[in-house]
Amino acid sequence: MKGLICVSLALGLCMFRLQAQDKERIRAAAERFDYEEVMAMTASADSLDKECRDWRLEACRALGRWKEAERLLRSRLVRDSTEVGVWVDLAECCQRMGNLHESAVCYRRAVGLVPESGFLRQRYIQTLLGGEDFQQAKKACHDWLKRDSAAATAYRLLGQTYEALDSMEIAFLGYRAAYHIDSLDAQTVARVANVFNDNGQHQDAVGVTETYRMTDTTNVDVNRQNAKAYCMLRRYPEAIQRYEALKRAGDRSFLTLYYLGISYFGGNWFYGAYENLKEALRKSPATPANVSTLAYFARSAARTSWKEEGVRAMEEAVKLVQPSDTLMGELYGMLAECYHFLPDSWKEVETMVRQYGYTRNYALLYNIGIRYEMLKDRKNAVRYLRKYMEEVPEEKRFERDEQGNILEDVMTAYRDAYRRVRKLEEERFFEGDKEEVSKQLN
């Protein structure tokens, strides 16, 4: 009996030593960031203790295995649903997988556990904004302000919510309240300045951003608004100084390059304008929406050694603002479709006529003629059906057999148009316009 007890103790001691050795190996792998090894050694996650599960969770997050991380986190919440940190980790995990709705649910649970945490409320609202759940975001902001009426971040997020809802006047009230509470919050200053710039109040934008820069000259968002305000005020030396500082800090965004190029152009340094606008076009190729970039680039190039490049760029800019006949034809076709479903048949047929003017697609003439016939406008119905019959190529007027013989019993659009014209002309004849109809029939 004593021998059996001793053997059991020895086996238990061996198992303990093996587990301790395994944990040391897992710990060592985690410390040298060998997360693939950590995943291999913790494959049987269900039988691991908490420390090993934490290492596996760390490895999952490092390797971007978010589905596995989610499973581990939810298993922890089954054991204890009051762990705030787990809810936060799960929220981040859901966000990484693109499930913003579930992420917001997790943050809401975390806020419920620690309602005094401004950080958690901020993350919750930011997630709602990311998922475009603006009504819930607005409610969450007001809930936060009921608890803490001096929470500057809550006012700023409320401003962001109303801005997303296109209520800029109310949004500005939120930003202004946040600014009065904390005028040194970079995000608030940047958003206030952005509103000023969008409203053409560029001097006000300079005022708030320069005040902020007295304590911090490094914030990218504030400096962007500051530089833009100087550019819009045509104070090009200051704008160039700010934008060049942004570039040195690593900001090579399209807008920074674009406004820097414009500032150089305004300051008559065309080589600087050429270089920055060319890089801006690489970031965002010219479209009708940003054709001004191409136009400024062309004007800059024309004043440097790249004159031919400037001419080609301006020719391209002209093409962008003059839509092709194909595009206009497609747009008028879609507009006619919209009038059809409104319904407004007169507008529909008038739009189809304009569509034909761009496409010259003879098949449209047949449809236009039929629309006019439905609207009892016989004159125009006959006009467009006859025009259709003239435009249809000879080989497409009738169906033919393999030997090329016309199939008399097969109705084609051409035959239908001919039948309709004869019918309409006869109706007009018997209604009294005999002289005009006789001329057409002959």
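Everything quoted here is computed from the prediction, not taken from an experiment. (Residues numbered from 1 in each chain as written. Predicted model: local features only at pLDDT ≥ 70, side-chain atom pairs only at ≥ 80, totals over all residues. Heavy atoms only, no water.)

1. So, the layout of surface pockets
In step 1: Of the volumes computed, that of the largest pocket is approximately 340 Å³.
In step 2: Along the wall of the largest pocket there are 14 residues; nearest its centre are Asn194, Asp221, Arg224, Gln225 and Leu255.
In step 3: Listed by contribution, the elements that provide at least two residues to the lining of the largest pocket are helix H11 (186-198), helix H13 (220-232) and helix H15 (254-266).
In step 4: Among the elements that make up the lining of the largest pocket, the one with the highest residue count is H11 (five residues).
In step 5: Looking at the lining of the largest pocket residue by residue, the classes come out as four nonpolar, five polar and five charged. (1 Å grid on protein atoms, 1.4 Å probe; cavity = no way out; pocket = protein on both sides within 12 Å on 5 of 7 lines; lining within 4 Å. Points joined across faces, edges and corners; volume = space filled by probe spheres on them. Helix = DSSP H or I, 4+ residues; strand = E, 2+ residues; numbered from the N terminus. Nonpolar A, V, L, I, M, F, W, Y, C, P; charged D, E, K, R; others polar.)

2. Points about the state of the cysteines
In step 1: Evaluated as defined, the whole model comprises zero disulfides.
In step 2: Residue Cys93 stays outside any disulfide, its sulfur separated by 5.7 Å from that of Cys94, the closest cysteine.
In step 3: Left unpaired, Cys94 is separated from the closest cysteine sulfur, that of Cys106, by 4.5 Å.
In step 4: Owing to a relative accessible area of 1%, Cys94 belongs among the buried residues under this scheme. (Disulfide = S-S within 2.5 Å. Buried < 20%, exposed > 50% of the residue type's maximum accessible area, 1.4 Å probe, protein only.)

3. Concerning the confidence of the model for the protein
In step 1: Per-chain confidence: the protein averages 90 in pLDDT, with 92% of residues scoring 70 or above.
In step 2: This model gives residues 4-18 a pLDDT under 50, and the stretch forms zero contacts once residues within four places in sequence are excluded. (pLDDT = per-residue confidence, 0-100. Contact = heavy atoms within 4.5 Å.)

4. Digging into empty space enclosed by the protein
In step 1: Taken as a whole, this structure holds one cavity of 30 Å³ or more when the rule is applied.
In step 2: If you add up the space inside the largest cavity, you get close to 30 Å³.
In step 3: Considering the residues around the largest cavity, the lining is formed by Arg53, Asp54, Leu57, Leu72, Ser75 and Arg76.
In step 4: Taken together, the elements giving at least two residues each to the lining of the largest cavity come down to helix H3 (50-63) and helix H4 (66-79).
In step 5: Residue classes in the lining of the largest cavity are distributed as two nonpolar, one polar and three charged.

5. Points about helix H9 (residues 152-164)
Each α-helix winds once per 3.6 residues, and so residues spaced three or four apart point in a common direction.
In step 1: Spanning 13 residues, H9 covers 19 Å between terminal C-alpha atoms, matching the ideal 18 Å at 1.5 Å per step.
In step 2: Taken together, the buried positions of H9 are Ala152, Ala154, Arg156, Leu157, Leu158, Gly159, Gln160, Thr161 and Tyr162.
In step 3: Backbone geometry just after H9 places Asp166 at a positive phi near 65 degrees. (Expected span 1.5 Å × (residues − 1).)

6. Section: the nonpolar core
In step 1: With 87 residues, the main nonpolar core has Val38, Leu90, Tyr124, Ile125, Tyr243, Leu294 and Phe297 as its most contacted residues.
In step 2: In this view, Tyr124 contacts Ala104, Tyr107, Arg108, Val111, Gln136 and Ala140; residues no more than four positions away in its chain are not counted.
In step 3: The next biggest cluster of nonpolar side chains, apart from the first, holds 22 residues, and it includes Tyr366, Leu375, Met389 and Val421. (Core = buried A, V, L, I, M, F, W, Y, C linked by side-chain atoms within 4.5 Å.)

7. Concerning the pattern of salt bridges
In step 1: For the structure shown, the criterion picks out 34 salt bridges.
In step 2: Glu70 is paired through a salt bridge with Lys67; the nearest N and O atoms lie 3.2 Å apart. Linking Glu70 with Lys67, this pair stays in helix H4, spanning three residues, or about one helical turn.
In step 3: Since its relative accessible area comes to 60%, Lys67 is described here as exposed.
In step 4: The closest approach of N and O atoms between Glu425 and Arg386, which form a salt bridge, is 3.6 Å. One end of the pair, Glu425, is in helix H23 (residues 413-430); the other, Arg386, is in helix H22 (residues 378-391), and 39 residues separate them in sequence.
In step 5: Residue Arg386 is classed as partly exposed on the basis of its relative accessible area, which comes to 32%. (Salt bridge = Lys/Arg side-chain N within 4 Å of Asp/Glu carboxyl O.)

8. What about unusual backbone geometry?
In step 1: Cis rather than trans, the peptide bond between Leu342 and Pro343 has omega equal to -10 degrees.
In step 2: A positive phi angle, near 65 degrees, is found at Asn268, a position not held by glycine.
In step 3: Assignment of secondary structure puts Asn268 in the loop between H15 and helix H16 (270-283).
In step 4: With a phi close to 65 degrees, Lys376 is a non-glycine residue in the positive phi region.
In step 5: Tracing the chain through its elements places Lys376 in the loop between helix H21 (362-374) and H22.
In step 6: Exposure remark for Lys376: the relative accessible area of 71% places this residue in the exposed category.

9. What to know about the side chain of Thr293
In step 1: Structurally, Thr293 can be placed in helix H17 (residues 291-302).
In step 2: In contact with Thr293, not counting residues within four places along its chain, are Phe254, Tyr258, Leu277, Ala280 and Leu281.

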